[in-house]
Amino acid sequence: MTARTLRQVPVASRSIIIQLIWLIGSLAFFVPERAPALEQRSFTLRYKAKGFRGKRIRQKFNVPSNHALVSFRLRSSRRKGRTRVKSYRSSNSVLVLGRVKGTKRTRGQYKGRLTLYFENTASTVRVDNTSMPYRAVGFVDTSSGRGSGVVTKHPKLFLSCAHVFSEKGNYSHSWYPSSSITFYPSYDAFSYPNSGGYSVRSYWRFTGYATEARKESSSSSSSARTFSYDFVAAYGYSDLINGGYAGIWGNGASVLASSSTSKMIVGYPAGTAGHYLERTGPFQAPYQSSYRRYRVVYGHSPVDTGGNSGGPVFVYNSGFQSYIVAGVHVSGDDSPRRKGVHAIDSAAHNIINDAINAIPSPLDGASVLFSAPGAVPVPDDSEEWAIASIPVSGLGTRISEISVSLTLEHPDASQLEVWIQSPQGRWEKL
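Attention here is on the structure that accompanies the text. (Residues numbered from 1 in each chain as written. Predicted model: local features only at pLDDT ≥ 70, side-chain atom pairs only at ≥ 80, totals over all residues. Heavy atoms only, no water.)

Focus: the pairing of strand β9 (residues 137-141)
To keep it simple, the criterion reads: The rule is simple: take the accessible area with a 1.4 Å probe, protein chains only, and divide by the maximum for that residue type; under 20% is buried, over 50% is exposed, in between is partly exposed. We count a stretch as a helix when DSSP gives it H or I for four or more residues in a row; a strand needs E for two or more, and each element gets its number in order from the N terminus. Strand pairing is defined by DSSP finding a minimum of two bridges between the two strands.
Counting buried positions along β9 gives five out of five residues, so the element sits mostly inside the fold. Sheet topology places β9 next to strand β10 (residues 146-151); five bridges connect them, and they run antiparallel. Across the sheet, Val140 pairs through a bridge with Gly147, a residue of β10. Between the end of β9 and the start of β10, which pair antiparallel, lie four residues. In this sheet, strand β14 (residues 182-185) lies alongside β9 in antiparallel orientation, the contact comprising four bridges. Among the inter-strand pairings, Phe139 is bridged to a residue of β14, identified as Tyr184.

The structure is reproduced here in structure tokens:
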């Protein structure tokens, strides 16, 4: 049985959680539907709660088709009695309540009502890629694979996961070069994207990911330690979207762990036809701590991680009436049924801030002028090429923009074709 933790639903309690929220650049939101109402099943239990020594209760139950257990509530039938549950764990069909305590006055045999709350784990559905927060999500294409990402905190920045940006070999690991990665914001089509994308300029990641990945064979699944570093903040040469980007939680781990918050996963699952933007949820099941920033939610059918990896896990914020980023989706398993997320915490924010600080401002790039040595005669009544070579040197490894100024003096200038060729042999028609 796989251990996990559920939150006991208080009978009558109120709490206020104050979260630090990063505002997004647009005030116009499309508010998706909230998580549907939970279904419940109740059981009558007889059990012992011997003073403060505690008793363990093991309750089997049948999971309704396409449902997952979200939370529970245990009530004592004794008017003056009180029951407290100090620990609990569950698998897909067994709930174990540990250290069930009663007051000294009511110790002995108890009769109580255990109520289990379930939610439907519906499959993915296609979404409107023109509305927030969906339009901040994009398709990530790499040299040997695909994934998802989300634009947040800066118009040039998007978040994804490390295993989309790298390749794990047999006890080895290598990062893909930035030039091999392209981001297609708001993509939604049947065919594979081949135009309209943005090249990645650079990206920031945890050094611990490569360290942990090198400990694993090519056939083994990643460990919880590896997933706890499975995070990337990348940026492009220009703004990836216009009109605002997705908001982000200051502490995504806490809202992901709540059984009362509405959550959804958005991205490009590889198991569906086409390359459409889809969501899983909304759902309320809590993500439970596995290792550091890596958290898992049990009971749900896994999202097809083959393309959804790196996509955002949104959590609804009632104050701003919008879904904002709480983590990135990194894993999915079928046995046991579970999904994994790299939660946004202070360490993830440090990676994000480092990437933002590394984005050059428009004034950081210097303009350099190069000219041809002199005029080049163009043959008349001939199809031969006239070639003007322009020596270029002293530049960095990346060039973001090229402007060409050309003066033509020819009786049939409109009949001429002008091309530019790079040192690598690439031709572009002017």
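Overview of the nonpolar core
Burial of nonpolar side chains together is a common tendency in soluble globular proteins. Quick reminder of the rule: Side-chain atoms within 4.5 Å are what join buried Ala, Val, Leu, Ile, Met, Phe, Trp, Tyr and Cys residues into a set we call a nonpolar core. Two residues qualify as a contact provided that any one of their heavy atoms is within 4.5 Å of a heavy atom in the partner residue.
Among the nonpolar cores identified, the biggest contains 58 residues, and Phe158, Leu159, Phe165, Phe231 and Phe314 are the most heavily contacted of them. The leading source of residues in this core is helix α5 (residues 346-358), at six residues. Here Phe314 is in contact with Pro133, Val137, Val150, Ala246, Ser262, Lys263, Met264, Val266, Tyr323, Ile324 and Val325, once residues within four sequence places are set aside. Core analysis: the second largest hydrophobic core is formed by 15 residues, Leu256, Ile265, Tyr287 and Val315 among them.

Describing the sheet that holds strand β16 (residues 232-236)
In sheet architecture, strand pairing relies on hydrogen bonds along the backbone and comes in two forms, parallel and antiparallel. Filter applied, for reference: Angles shown run from 0 to 180 degrees and are taken between the N-to-C directions of axes, each axis being a line fitted to C-alpha atoms and, for helices, limited to the stretch in contact.
Spatially, the six strands close up into a barrel ordered β9-β10-β11-β16-β15-β14, and their pairing is antiparallel. Averaged over neighbouring strand pairs, the angle between their axes works out to 40° when direction is ignored.

What to know about the pairing of strand β18 (residues 263-267)
The two faces of the sheet receive side chains in turn, since in a regular strand these alternate between them. The buried fraction of β18 amounts to five of the five residues, a majority that puts the element mostly inside the structure. Neither face of β18 is left uncovered, since the one carrying Lys263, Ile265 and Gly267 and the one carrying Met264 and Val266 both have all their residues buried. Sheet topology note: the β18/strand β19 (residues 278-283) ladder contains four bridges and is antiparallel. Note that in β19 the partner of Ile265 across the bridge is Thr280. Pairing of β18 with strand β22 (residues 312-317) involves three bridges; the strand directions are antiparallel. Residue Lys263 lies in a different strand from β22, and its bridge partner there is Val315.

Description of the side chain of Arg279
Under the convention used in this document: Polar contacts, as used here, are pairs of N or O atoms within 3.5 Å; protein pairs need one atom able to donate a hydrogen and one able to accept it. Residues neighboring in sequence count only if both atoms are side-chain atoms.
Locating Arg279 in the fold gives a position in strand β19. Side chain to side chain, Arg279 and Tyr134 meet in a polar contact 3.2 Å long.

What to know about the side chain of Arg293
By the element assignment, Arg293 lies in the loop between β20 (288-291) and β21 (294-298). In terms of polar contacts, Arg293 uses its side chain to reach the backbone carbonyl oxygen of Ser228, at 3.0 Å. Within the structure, Arg293 has its side chain in polar contact with the side chain of His342 (distance 3.3 Å). Setting aside anything within four residues of it in sequence, one finds Arg293 in contact with Phe206, Ser228, Tyr229, Val341, His342, Ala343, Asp345 and Ala347.

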